[in-house]
Amino acid sequence: MIQNAGVPLVADDFRLTCRSGFGDGWNHYAHSMAAFRGKVYVGTTRGSMAGLKLTNPAPDLKPWPVESPDDLYAVDRRAEIWEYTPETADWRLAFRSPTLTGVNGRAGVPSYIGYRGMTVFQGRNDAAPCLYVATWSPHLAHSPDLLRSEDGVHFAPVQRPPFGPTVRAFRTVQPFGGRVHLSATATGTAKGFNQDFASEAVIYASDDVAGAPWTPANAEGFGNPDNTTVFEMAEFDGHLYAGTANPITGGELWKTRGGDLPYRWSKVFDRGAGRGLHNEVAGTLCEFKGALYVASGVINGGYHRAFRIGPAAAEIMRFWPDDSWDLIMGEARMTDQGLKYPLSGITPGFDNLFNGYVWRMQVHDGWLYASTMSWASLLPYLPTYAWPPDIAAVLRRWSPERLAETGGFSLWRTDDGIHWEPVTRDGFGNKFNWGGRTFASTPHGLFIGTANPFGPRLAMRRDGEWQYAFNPRGGCEIWLGSKQHHEPDAAA
Amino acid sequence: MTPAPIVIVAAPFSGSSWLAGVLGTQHGLYAVPQLCAFMADRVDELLQIFALSQDEHGDALHRAVAELYFGGQQSAHLEEAQAWLAARGELRVGELLDELAAKIAPRRLVIPETEAPLRPIQLRRMRQWRADTQFIHLHRHPWTQGCRFAAWLQDRLFVPIDYRDYSRYPPLPDPQIPWLRANETLDRFFAEVPEANVMRVASEDFDRDFDAAFARLAGYLRLDGETAASRDPSTWVYAARGPREAPGGLEADVWAPWPDDVERLALAPQLEAPLPWRPDGRGFDAAVIALAQRYGYR
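Predicted, not measured: the structure shown is a model, and the values here were computed from it.

A. Representation of the packing of helix α3 (residues 59–70) of chain B against helix α5 (residues 93–104) of chain B in the model. Residues and elements named next belong to chain B. At a minimum axis distance of 11 Å, the contact between α3 and α5 shows a crossing angle of 40°. α3 and α5 meet at a crossing whose hand is left-handed. On α5, the residues touching Leu-61, Val-65, Leu-68 and Tyr-69 of α3 are Leu-96, Glu-99, Leu-100, Lys-103 and Ile-104. Residue classes in the contact of α3 with α5 are distributed as 7 nonpolar, no polar and 2 charged.

Structure follows, in structure tokens:
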């Protein structure tokens, strides 16, 4: 079942394959996805909105959008991996996090509350390509693991990366030059946690995840102590690229040809490519038609509360092998490489302040798709009365109710990086889908997993009073885009 | 099929409204103000953008519909135009333009556009509408354009993000940004359009010798026997600002006054000097200089 080559997907081409967090509204994020052995695997992160209460500082949301206990561990946060069989259009729970006794003696603590990355690759001692999964462990558990599965049925950790004790998660698992690379992306302590910043900015590399040691591939922060985290990695033009988070001067992008460890790195840009702190993070990387597309922005969805950065919407740039670059979507500015203006004609966030991230980019059938994270759905819970008068005036003009009702993520596509058109601007009609969080391009079509932290019970205003009620559209969703949907084989 | 439309595309403050007015006084043509019609695919989407806009994007389309279908541009006509447009919400914008073109046929529709050149997707929509469109790419020296544009922008409460340099805080309005962005975007767009359908014209050509420049333009547009034109478009039905409900549709370079010293500065163009509107003493970006030189400016 091959799609017509090069035909772009439109909203009507997408079908919902699962809703409400696989039937459990606490599955807030479809956080990772991979095609493996003819199936599609999705790793969830559970209770994200409940956990957000423990960030430091926590967002000023009243009431809290979902009903959740103050004791976060009272929420069943055992993260799940689900398996989709295209021939039957069935989902199966493939793996659920085990539990352990926490470091404070509490029983029933999940080993993993989320799976933030999935990659298929063949390690040195793998007989065939395996599915590798990056995990997120709560702060009462051990350091996060890298899980390995040969068959999509059995998942087990390989040697644990040598993260510091406060590291809680990692995201990218990036093969390059015969090694696999990963970096920490979350920190947790008794004072709270930060899901985007790590306590170290080191890439670890191993050429045999089954036994060889993890070795640092770069100097801490590439020598810049303000680089708090190596946020994302990608391979492009025979180089490993790494984007950093930097809340002092703006994100940076580095690249290396590899070789002996630690690698020699060269800087592609610093200071947020001339945008400064509003490009705090070089956060999403994707190769497309000979260039590396880099999406950048501010953590916490576009407003970094601890450092008071933003609000600002995301940008997209593209980099060529010689380090020259184009601004694709964003703010015009004078840079070290001269005047840059958005070649697409689109301002940050696809012309939408609420699109704080371009969360993921994916090439499918000759098109580049980019999905956003929009915080417009939070408007009913935000203290907008305290916002600056000019912002409040714009908000009144646009109507908070209208904005919230169309508050889902956006999905855009382009065939050349310059001409972009929207596929959806309202989370496929579900305002609670605040992000298009993960993709998988397969012969069956383009899969998109959403982040939807508005379940299972949502704060709703009824008769002027806030009350919690079941939200039937809360919890992550998985959408499949195809020009030729396969009808399930009854005999299968 | 109605006669091939004519679209004047230009960076802001390059004279597109004025040239539309000049062509609008020609017998075989019907020029409208800047419709901004290509901002969306569908009419209902377009009307929604107009409603949310902080600028005057929607005024020209309402004025044109009011004039063509209801006989004037006053409040009552505009109300009727609004209802007329709302009733066509399901149409594609191209279908709406086809309807306008049919209304004025056998005259040819002339549309000035400074919005679409900033956004490639709008140019693509324009191309998808009619493949036989004749384009006029109008440009002006970036210094002249910049001096006038900067003088106008400095009195605006709302300056679009498209015109600002975000390397400074607060972001600095800088006319060279839309100048470069529009002209480079147009050059990329015209690389895909048959040469016979594109004519590049310098506004300064009309300043120097209006009759000769207009004759060349008339030849390109095949305005046989209609080359007697006036550089004064005041008889054009859209030559003035619209009523309070819909004042927009014309670029400010045809109606806004600016001080004599600004005009004196504007009429002494140069490419290498510090820009008078930038407090940091910077001159034009190298890409602006290179493109301006390619257009024949010094």
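So, next bit.
B. Representation of the nonpolar core within the structure. With 69 residues, the main nonpolar core has Leu-19, Leu-23, Leu-35, Leu-61, Ile-136, Phe-206 and Leu-217 of chain B as its most contacted residues. A total of 7 residues in this core trace back to one element, the largest contributor, which is helix α10 (residues 210–221) of chain B. Discounting residues that sit within four places of it in the chain, Ile-136 of chain B has contacts with Ile-6, Val-7, Ile-8, Val-9, Leu-19, Leu-23, Met-199, Val-201, Leu-217, Tyr-220 and Leu-221 of chain B. Residues Ala-295 and Ala-314 of chain A together with Ala-266 and Ala-292 of chain B belong to the second largest nonpolar core, which totals 42 residues.

C. Layout of the side chain of His-239 of chain A. Residues and elements named next belong to chain A. With respect to the helices and strands, the residue His-239 is situated in strand β18 (residues 239–245). Looking at His-239, the relative accessible area reads 7%, which means it is buried. A polar atom in the side chain of His-239 sits 2.8 Å from the backbone oxygen of Asp-237. Apart from residues no more than four positions distant in its own chain, His-239 is found in contact with Phe-176, Ala-234, Lys-255, Thr-256 and Arg-257.

D. Focus on the interface of chain B and chain A. At the interface, 29 residues of chain B touch 23 residues of chain A. A combined buried area of about 2,200 Å² lies between chain B and chain A, and 56% of that area is made up of carbon and sulfur atoms. The tally of links from chain B across to chain A stands at 2 salt bridges. With its nearest N and O atoms 3.7 Å apart, the salt bridge here joins Arg-124 of chain B to Asp-415 of chain A. Remark: the boundary between chain B and chain A carries 8 residue pairs in polar contact (both at pLDDT 80 or more). Sorting the residues of the side of chain B that touches chain A by element identifies α2 (43–52), α6 (120–129), β5 (164–165) and α8 (176–190) of chain B as the ones contributing at least two each. Among the elements that take part in the side of chain B that touches chain A, α8 of chain B stands out by supplying 7 residues, more than any other. Split by residue class, the side of chain B that touches chain A holds 10 nonpolar, 6 polar and 13 charged.

E. Broad picture of the environment of Met-49 of chain A. All names here are of chain A. As for its position among the elements, Met-49 is in helix α2 (residues 48–51). A residue is classified by how much of its surface remains accessible, and Met-49, at 1% relative accessible area, is buried. Along the chain, Met-49 and Trp-26 lie 23 residues apart, while their C-alpha atoms are 9.0 Å from each other. In this structure, Met-49 is in contact with His-28, Trp-64, Pro-65, Val-66, Leu-378, Trp-434, Pro-453 and Phe-454, ignoring residues within four places of it in sequence.

F. Inspection of the confidence of the model for chain A at higher detail. Averaged over all residues, the pLDDT of chain A is 93; the fraction at 70 or higher stands at 97%. Note on residues 1–5 of chain A: pLDDT is under 50 here. Beyond four places in sequence and across chains, it has 17 contacts.

G. Region of the structure containing the pairing of strand β3 (residues 108–113) of chain B. All names here are of chain B. The element β3 is largely enclosed, with a buried count of 6 among its 6 residues. Relative to β3, strand β2 (residues 29–31) runs parallel, the two sharing 3 bridges. In the strand pairing of β3, Leu-29 is matched with Arg-108.

H. Broad picture of the pairing of strand β27 (residues 355–364) of chain A. Residues and elements named next belong to chain A. In terms of burial, β27 is largely enclosed, as 8 of its 10 residues are buried. Here β27 runs beside strand β28 (residues 367–374); their pairing, made up of 8 bridges, is antiparallel. What sits directly across from Gln-362, in β28, is Tyr-369. In this structure, the hairpin formed by β27 and β28 is closed by a connection of 2 residues, where Asp-365 is found at a positive phi of approximately 55°.

I. Here's a closer look at the sheet that holds strand β7 (residues 198–202) of chain B. Residue and element names in this part refer to chain B. An order of β2-β3-β1-β4-β7 is seen for the 5 strands of this open sheet, with the pairing classed as parallel. Looking at which strands have only one partner, the edges of the open sheet turn out to be β2 and β7. Strand-to-strand twist in this sheet, taken as the mean axis angle between neighbours without regard to direction, amounts to 20°. Alignment of strand β1 (residues 6–10) against strand β4 (residues 134–139), held across 5 bridges, turns out to be parallel. Bridge pairing in β4 links Val-9 to His-137. Together, β1, β4 and β7 form the strand contacts of α8, whose direction differs from that of β4 by roughly 150°.

J. The pattern of salt bridges, seen in detail. All names here are of chain A. Enumeration according to the criterion identifies 50 salt bridges over all chains in this entry. Between Arg-333 and Glu-315 there is a salt bridge, with the nearest N and O atoms lying 2.8 Å from each other. Of this pair, Arg-333 sits in strand β25 (residues 333–335) while Glu-315 sits in strand β23 (residues 315–319), and the two are 18 residues apart along the sequence. Neither Arg-333 nor Glu-315 differs from the other in exposure class; each is buried.

Rules used in this analysis
For every chain, the first residue of its written sequence is number 1, and the numbers climb from 1 along that sequence. Working convention: letters from A go to chains and numbers from 1 go to ligands, in the order in which they are written. Per-residue local features of the predicted model are confined to residues with pLDDT of at least 70, and side-chain atom pairs are confined, for both listing and counting, to 80 or more; whole-chain, interface and lining totals are unaffected and use all residues. Calculation of side-chain values draws on the structure's entire complement of heavy atoms; hydrogens and water are dropped beforehand. A fitted line through C-alpha atoms serves as each axis, taken over the contacting stretch for helices, and the angle formed by two N-to-C directions is quoted from 0 to 180°. A run of DSSP states H or I qualifies as a helix once it reaches four residues; a run of E qualifies as a strand once it reaches two. Both are numbered from the N-terminal end. Working rule for handedness: look at the near helix, and if it is turned counterclockwise from the far one by less than a right angle, call the crossing left-handed; if clockwise, right-handed. When checking whether two residues touch, look at their non-hydrogen atoms; a contact exists if any pair is within 4.5 Å. In this classification, the charged set is Asp, Glu, Lys and Arg, the nonpolar set is Ala, Val, Leu, Ile, Met, Phe, Trp, Tyr, Cys and Pro, and all remaining amino acids, among them Gly, are polar. Within this scheme, the nonpolar core is defined by two criteria: the residues are buried Ala, Val, Leu, Ile, Met, Phe, Trp, Tyr or Cys, and they are joined through side-chain atoms within 4.5 Å. Only protein chains enter the calculation, and the probe is 1.4 Å; a residue is then buried if its accessible area is under 20% of its type maximum, exposed if over 50%, and partly exposed in between. Polar contacts, as used here, are pairs of N or O atoms within 3.5 Å; protein pairs need one atom able to donate a hydrogen and one able to accept it. Residues neighboring in sequence count only if both atoms are side-chain atoms. The term buried area denotes the loss of accessible surface (1.4 Å probe radius) that occurs when two parts are joined, taken as the sum for both partners. The rule for a salt bridge is simple: a side-chain nitrogen of Lys or Arg has to be within 4 Å of a carboxyl oxygen of Asp or Glu. What pLDDT reports is the predictor's confidence in each residue, on a scale of 0 through 100. Here the rule is simple: two strands pair whenever DSSP picks up at least two bridges between them.

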